[in-house]
Amino acid sequence: MLSSATMDTQTTPPSPRSDFIRDIVAADLREGRHETVVTRFPPEPNGYLHIGHAKSICLNFGIADEFGGRCHLRFDDTNPVKEEQEYIDSIMTDVRWLGFDWGEHLYYASDYFEQLYEWALHLIREGKAYVDDLSAEEIRAHRGTLTEPGTPSPWRDRSVEENLDLFDRMRAGEFENGARVLRAKIDMASPNINFRDPVMYRILHVAHPRTGDAWCIYPSYDFAHGQSDAIEGITHSICTLEFQDHRPLYDWFIENLPVPAVPHQYEFARLNLTHTVLSKRVLLKLVNEGHVRGWSDPRMPTLSGIRRRGFPAEGLRDFAGMIGVARADSVVEIEMLEHAVRDVLNRTALRRFGVLDPVKVVIENYPEDTVEHMEVVNNPEDESAGTRTVPFARELWIERDDFMEDPPKKFFRLAPGREVRLRSAYFITCTHVVKDADGRITEIRCTYDPETRGGNAPDGRKVKATLHWLSAAHAVPAEVRLYDHLFASPNPGSGGSDLFEDLNPQSEVVLASCFVEPSLAEVPVGQTVQFERLGYFCPDPDSAPGAPVFNRTLTLKDTWAKLQAQGRQDA
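Anyway, here's the lowdown on the structure attached to this text. Bear in mind the structure is a predicted one, so any value in this text is a computation, not a measurement.

### Brief notes about the sheet that holds strand β18 (residues 441-449)
Note on sheets: strands pair through backbone hydrogen bonds, and any given pair is parallel or antiparallel.
Part 1 of the argument: Strands sit in the order β19-β16-β17-β18-β12-β15-β20 across an open sheet of seven strands; the sheet is mixed. With partners counted over all chains shown, the strands left at the sheet margins are β19 (466-467) and β20 (470-471), one partner each.
Part 2 of the argument: With five bridges joining them, strand β12 (residues 358-363) and strand β15 (residues 395-399) adopt antiparallel strand pairing. Note that in β15 the partner of Lys360 across the bridge is Trp397.

This is the structure we're talking about:
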């Protein structure tokens, strides 16, 4: 793991990165407001994590690691209607995959239900909370608007004794769902709508995944979140900007309860990516309506989908560092993410041969029963990766678009009468082609120069193209899925259009008649390789013995690097 982030002693090393949150943390340590930095990643276990969560994970665990503190993983499991163990398991898998570990600091808001209940009683006794009989619709109607104050509930001035009795009966299960709620008694005329007597508890006769039927009243997120932070001694409660208007309420609960610590909330801008939608409602609709294969579809922005597509965790961590932490929302071009991923894969991915649209080459002067094993470099960026051998024989597969019968001026690949290099093998020259009844080329007939073994000519002559290839007798049949952006528009749904009309019909193209080199028959799921000249590819879990399936992670073309070279630093 990259970091356990579980140290309990403060070493205060200088942070290698700088942003406004890290500056706040550094100042708090320097001025003695905290001895140890304690952050937390607090997902609700009601769905799968996406790349926006990855930014938060890297920030919270990263700050804890950089400043010698610890980061907690806490599930805010206050809504049993939507929560499942499946989501808890997937979230823990995703956090670990990103390279982080919470050590012994795994918590659940449900661990604190009894304490939260006692604190709710405290607020009732202080005259700062009351049981309300209004329905959810009536509460919304009484809340007012941004320009008009709210209307107090007729039950707002119940006595402390009556409120205590009703709240106790709510816990005992005496009332039906929605019959009553507990509300904080703050200010119905506040310009901040969150201050207009927010709901603290609602009745839900639903079994909880962890507490079973022990409770039939459950705390709201706003009530549980800050107090959970206080119980755990969180020093810096970091969340996205949509919670900025909730911060005064976060502070109000902390100030009005006998909590053991005083955490502070800080907000940063959430991640917005071009060609991408992170709304849980939209992602659910994509899955339920069959637009994608499921939550782990390689086109989905979920971490399980990104992992299945072959993105390395290091690339996501590097991307989080590249985009930084800002106070204002902005949109990041997806090409920046792809650049970070390519940068990692270029260094780490083994090179292999794969042919996606094969056409046969027959080397007429090569011995029919001969098989050679050519030594091929595994990664020119990493000498320690060594070499491998690839079988070579008389009949080969090459890419169909590597040959043109009547080539234009700037086409340098194989053509009649033209000599090219086969990677790490020989120079070959096309002599003629064989076509079927429809005029489609079925074979390219060539000769080879046996003196050029290894890919170089003793007489020093040069060729202008190098092609990848596979021995037809040894190549392994494979299915390859070519992935592109799920949404064709950079800003799906912009201008008021239906964002589902922006779905890219070419986001997944399945090629069923591909071939890969023999070594790829056993490559494990999760190991991304480069198909030379084609892109990065990763084995899919749908693979079966003798029938591998590969997902294209990315093409080799790096649009972001090109824009940077042109001076588009704001691209």
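### As for empty space enclosed by the protein
Part 1 of the argument: Taken as a whole and judged by the stated rule, the model has four cavities of 30 Å³ or more.
Part 2 of the argument: The calculated volume of the largest cavity comes to roughly 230 Å³.
Part 3 of the argument: Considering the residues around the largest cavity, the lining is formed by 19 residues, among which Thr276, Arg299, Met300, Arg309 and Ile334 are closest to the centre.
Part 4 of the argument: Of all elements in the fold, only α10 (303-309) and α12 (334-348) reach the threshold of two or more residues within the lining of the largest cavity.
Part 5 of the argument: With three residues, α12 is the single largest residue contributor to the lining of the largest cavity.

### A short note on the sheet that holds strand β7 (residues 217-219)
Part 1 of the argument: On the basis of which strands lie adjacent, the open sheet formed by four strands has the order β4-β5-β6-β7 and antiparallel pairing. Among the strands making up the open sheet, the edge pair consists of β4 (129-132) and β7. Each strand axis lies, on average, 20° off the axis of its neighbour in the sheet, ignoring direction.

### A word on the nonpolar core
Part 1 of the argument: In terms of nonpolar packing, the biggest core is built from 38 residues, with Ile51, Val95, Phe319 and Leu337 touching the most fellow members.
Part 2 of the argument: Not counting chain neighbours up to four residues away, the residues in contact with Phe319 comprise Ile51, Leu271, Leu273, Val332, Met336, Leu337 and Ala340.
Part 3 of the argument: Residues Tyr117, Ala120, Tyr250 and Ile254 belong to the second largest nonpolar core, which totals 36 residues.

### Some thoughts on the pairing of β18
Part 1 of the argument: With four bridges joining them, β12 and β18 adopt parallel strand pairing. Counted as the bridge partner of Val361 is Ile444 from β18.
Part 2 of the argument: By the bridge criterion, eight bridges tie strand β17 (residues 427-435) to β18 in an arrangement that is antiparallel. Opposite Thr429, over in β18, you have Thr447 as the bridge partner.
Part 3 of the argument: Counted between consecutive antiparallel strands, the loop separating β17 from β18 contains five residues, among which Gly439 sits at a positive phi close to 85°.

About the criteria used
- Throughout, a residue's number is its position along its own chain's written sequence, starting from 1.
- Local features in this predicted model are restricted to residues whose pLDDT is 70 or higher, and side-chain atom pairs enter the listing and the counts only when it is 80 or higher, whereas totals over whole chains, interfaces and linings include all residues.
- The side-chain values count all of the structure's non-hydrogen atoms but skip hydrogen atoms and water molecules.
- Two strands pair if DSSP finds at least two bridges between them.
- Strands are runs of DSSP state E lasting at least two residues, helices are runs of H or I lasting at least four, and both sets are numbered from the N terminus onward.
- We place a 1 Å grid over just the protein atoms. Points where a 1.4 Å probe fits but has no way out form a cavity, open points with protein on both sides within 12 Å along at least 5 of 7 lines form a pocket, and any residue with an atom within 4 Å of a point lines it.
- Grid points are joined across faces, edges and corners, and a volume is the space filled by probe spheres set on the points.
- Every axis corresponds to a line fitted to the C-alpha atoms, with the helix fit spanning only the stretch in contact, and the corresponding angles, defined between N-to-C directions, vary from 0 to 180 degrees.
- Side-chain atoms within 4.5 Å link the members of a nonpolar core, which is a set of buried Ala, Val, Leu, Ile, Met, Phe, Trp, Tyr and Cys residues.
- Exposure is judged per residue with a 1.4 Å probe applied to protein chains only, and the accessible area is read against the type maximum: over 50% gives exposed, under 20% gives buried, and values in between give partly exposed.
- In this description, contact between two residues means that some pair of their heavy atoms is separated by no more than 4.5 Å.

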